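# Structure assessment
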Amino acid sequence: MLQGVRGCRGGWIQSTPSLSRSLFFTCTRTPLRRLLSDHHIDRASLPAFINPSRRSPHRPTSFPHTFTLSLSRSCSSHSFLSMSTGATAETTKDPNQYRLPTDLKPTHYDLTIHTDLEKLKFNGFITAHALQIDTKAERATLQLPATLPEGSTAQLKVGFQAELTGGMMGYYRSAFEQDGKTKYYSLTQFEPTAARRAFPCWDEPLLKATFAVTLISRADTFNLSNMPAESEEAYDPSASSSATTEPLSWLAEKLTGSTENWKITKFETTPPMSTYIVAFANGPFTYLESSYKSPLSGKVRPLRIYTTPDVIHQAQFALDVKEKVLPLYEQVFDIEYPLPKLDTLVATDFDAGAMENWGLITGRTSAFLLDPQKVDIGAKKQIASTQSHEVAHMWFGNITTMAWWDYLYLNEGFASLMGEVIILNKVFPEFKVNATFISSHLNRAFSLDAKLSSHPIEVECPDANMINQIFDSLSYAKAASVLRMLSNYVGEEKFLKGVSIYLKQHLYGSSVTEDLWEGIKTATGVDIPKVMDAWVKQMGFPVVTVTETKDGIHVRQDRFLESGPALPKDNETIWTIPLSLVTVGADGKPVVDNSIVLDSREKTIPLDTSKPFKLNAGTVGVFRVLYTPERLAAIAKEAAKSKGSLFGFEDRIGLINDAPALAKAGLTEVSSALTLIDNFRNETEYLVWSSIADSIEVIVNTWWEHQHIVDLLNSFRNKLFVPIIKRLGYEYSEDEDIDTKELRTKAIVQAANAEEKSVVEELRSRFNHFLKTGDDSRIPPDLQRITFKIGAQNGGQAEWEKFASIVNKPPTPSAAIAAILALTSFKEDKYIEQTFNFIDTKSRDQDLIYFFSGLRQNFKYRKYLSMKFKESYDAYVKRTEGNFSLQYIVQFSHDSLSTFEDYKETEKFFEGKDTSKYDMTLKQTLDSIRSKALWIERSTTDLVNWLEKKQKST
């Protein structure tokens, strides 16, 4: 999944004579652990609704008469249940309190869902007669009328019904406009703990079962699920109204008398799978279709992408990516994609970025839609990356699944590395994804992991609240980074062979970290746990300090913290660090030694220091490097050579990313970071310039309340980027390579944000033409976002209304996001108030993160955003309850603040509040505020002196 999500789960039912739908489970040898033992039921009042159908030939074992499954509040029951739950589990260290017992395991779910998109309701069925519900743990315990012998098989049936809410979790509704009318469709989002919101089930990844899904819907809609449809026919509820069984009568009563035409769609049974990747959808979809031929078996599988009719013309590129990457995954892992088809469904309301449901990938419009007439390079890259990431999950997560959420990184770290780097590089080498990874993943992981409030990649998840919070840069970006480092250390070919062994050993099963290590160890002969355990099981990462001796270099590792040198109690971990030392060979070419490892606090390495050298060749290692000022200057001089440099542009990216981080931590002066950046003013690579821009923005976003410093930094930025604009201009050509296009975009954006007059006037002119004529031909897609922003910063009511109209009816997902960010960029109170009113009354819930992100970048209203969040706290919590957006709006409302007073006020506001759904995010946000305040206190004088000196010299 690309971050976001939530839903429900369960197992169930039956409706028509041809649908004897049930949930099956088996009894294992382990004595059943009774949960919620304080609940008592009069067994005499209970029908014998669970009957053993097979007895073990061995001596029967007496099982206590209870079992437990997952339920949640979105489902309300028919006459048998009372599912008025809602709270989530309290955190506990005892796994017995938050994990379901495994004495009874589901083996098959027969699931039937009736969806009514007019009434916005859905119905389902299981037969159950005694259900006790633990609302905090989202669990139900059923007490049985008789014991279940060991090895027996039984059936459970339960009926339920619920509203199709817009909550973007469980089984929910999404809205779109057609012919001037609002219409709806329905889809699921179950990861991580939301399948229980759609149907009662054993909602844990370890408890896999097969699923036979049947959907009843209006005849003029499409039904979709994980597997292909095996039959579809008209459904006449009156034919079932006289049914003698309660399930059939119950469902028939819902539909009898209806004048609409209904149909019933049965889908093929799935392989064994976890509940969180079950999926189904119903609506007026249309599709594009392609196929791919398996390189392993020669089978041809259909591939489709579904959307609503108004945007289907923007779906071809995502479909093309899926067609290209699928056979590559099969070749790399030597495992064939096992399902008969792979669909993608694009949703207008979606909390996450995208979701890897087996056979039915889902995601928001910005994740999959690209207008072929208005191609934005950034959007194109993101769509390719997202589609490939989700396809990677068909192996990592779906075929082989983490045993519990502690091991989420086995899904997300691999999907990020394989989907966004290794496989994507084979399809789009022009994207330079290996270098892109350094800033898009590694640096993002560093940013979060440098906080005291970080967490290990493999982290205990005792409840749903904790599970939701670990879908972060550590489970994704850091996990991918350490796996990339391991691949480089053992060799990519052997690494992938080991991954293939791991997958084959756990086909359709579950796994933990040690299973992965064993597979790679088998392929490489390397003691993988020794190398990797500290990276995965401990929080943080090291900074390697390099000092020079007469015979070589002395290296020492310590934990890196953004707030300053780590105290002894926070500096106990010793990582095994592949140092990847690059030196110059006898032929004058670079030589990389990947065998040197720092696995103690410090060591000395023999080396001729009279020649150029550098640690972390290619910036593959998950550590920062602190050199002496003299050595850093020598490395920068060598790296900045226009030709024949010993260091590649990935090395330059790493140096530039390290510089402000080391300064922020108080390990170097901020002036040294700016001097390093200034050395690269003749750089030609876009990705290096992107890192330069990011590094300067880190400083600007820290001293944003110091106007004199901001003005000086803007002047410095313009001296770097304006020459690029003069060289490349504003017009884009089909003949240009991607790097040239992106470098032009980056330079214009940086100069506009630095208030370069000529650039602002050019963009304002282009926007004014669009405002007056409706013709956007003068706004290149790559400049749409910054052009809209400049239009807002210099605009009034006409501009505000224009952006609002685009948000309400966007021609493309990119245009929608650009317009949202423009609405947050105005410089007058009146229009910002209108924007907040729009947020509260008209914006889609999925778009809250874009609004808050935009307001966070508006220096004039940063503190106002924090104030407005506090004023409407209860409303925002209620609106985003249960999905990922709540964490983001807490973060975006506060983490750009930068004074000790801000820290105290933020901390005080959240005192006494239930922060269980965003506790980690809040701690990380407070750490961010504190570290900026410390940096300002430590480095303001040094920064001003360097900038003023630079200003006078140019």
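Please read all numbers here as calculations on a predicted model, not as lab measurements.

A separate point is helix α11 (residues 528-537). Those residues of α11 lying buried are I528, V531, M532, A534, W535 and V536. On its buried face, α11 is in contact with α5 (408-427), α8 (474-490), α10 (513-524), β24 (542-548) and β26 (577-578).

Following both chains from N to C, one finds helix α9 (residues 492-505) and α10 inclined at 130°, their axes separated by 7 Å at the closest point. In terms of their interaxial angle, α9 and α10 are classed as oblique. The hand of the α9/α10 crossing is right-handed. Contacts between α9 and α10 involve K494, F495, K497, G498, V499, I501 and Y502 from the first element and D515, L516, G519, I520, T522, A523 and T524 from the second. Of the residues in the contact of α9 with α10, the class split is 7 nonpolar, 4 polar and 3 charged.

With antiparallel pairing, 4 strands are arranged side by side in an open sheet as β10-β11-β16-β13. The open sheet has two free edges, formed respectively by β10 (170-178) and β13 (222-225), since each of these has just one partner strand. On average, each strand axis in the sheet is inclined to that of its neighbour by 15°, with strand direction left out of account. Pairing of β10 with strand β11 (residues 181-189) involves 9 bridges; the strand directions are antiparallel. Considered in β11, the bridge of G170 is made with Q189.

To continue, consider unusual backbone geometry. Note that the residue after E191, namely P192, is joined by a cis bond; omega there is 5°. Summarising the element assignment, P192 is placed in the loop between β11 and β12 (210-218). Its identity is not glycine, yet S580 carries a phi of approximately 45°, on the positive side. Tracing the chain through its elements places S580 in the loop between β26 and β27 (581-584). The exposure class of S580 is buried, given its relative accessible area of 3%. At T619, a position not held by glycine, the phi torsion is positive, near 50°.

Enumeration according to the criterion identifies 41 salt bridges in this entry. The partner of R196 in a salt bridge is D203, and the shortest N-O contact between them spans 2.9 Å. For the pair shown, R196 and D203 are each scored as buried. Between K950 and D678 there is a salt bridge, and its shortest N-O distance comes to 2.5 Å. Note that K950 is positioned in helix α28 (residues 919-953) and D678 in helix α14 (residues 670-678), a separation of 272 residues in sequence. Residue K950 shares its accessibility class with D678, and that shared class is buried. Each of R556, D558, R601 and E602 takes part in one network of salt bridges that share partners.

Now for the nonpolar core. Within the largest apolar cluster, 224 residues are counted, with the highest numbers of intra-cluster contacts made by F199, W395, F495, L579, L615 and I692. In terms of residue count, the dominant contributor to this core is α5 (12 residues). Judged by nonpolar contacts, the second largest core, of 48 residues, contains F788, I817, Y873 and F892.

This paragraph deals with the confidence of the model for the protein chain. With 87% of its residues at a pLDDT of 70 or more, the protein chain has an overall mean of 88. Throughout residues 4-67 the model reports pLDDT below 50, and contacts reaching past four residues in sequence, or to other chains, amount to 279 contacts. When the criterion is pLDDT under 50, residues 73-92 qualifies, and its contacts beyond four places in sequence or with other chains add up to 72 contacts.

Scoring rules and cut-offs
- Residues numbered from 1 in each chain as written.
- Predicted model: local features only at pLDDT ≥ 70, side-chain atom pairs only at ≥ 80, totals over all residues.
- Heavy atoms only, no water.
- Buried < 20%, exposed > 50% of the residue type's maximum accessible area, 1.4 Å probe, protein only.
- Helix = DSSP H or I, 4+ residues; strand = E, 2+ residues; numbered from the N terminus.
- Contact = heavy atoms within 4.5 Å.
- Axes fitted to C-alpha atoms, helices over the stretch in contact; angles between N-to-C directions.
- Parallel < 35°, antiparallel > 145°, perpendicular 65-115°, else oblique.
- Left-handed = near helix turned anticlockwise from the far one by under 90°.
- Nonpolar A, V, L, I, M, F, W, Y, C, P; charged D, E, K, R; others polar.
- Pairing = 2+ DSSP bridges.
- Salt bridge = Lys/Arg side-chain N within 4 Å of Asp/Glu carboxyl O.
- Core = buried A, V, L, I, M, F, W, Y, C linked by side-chain atoms within 4.5 Å.
- pLDDT = per-residue confidence, 0-100.

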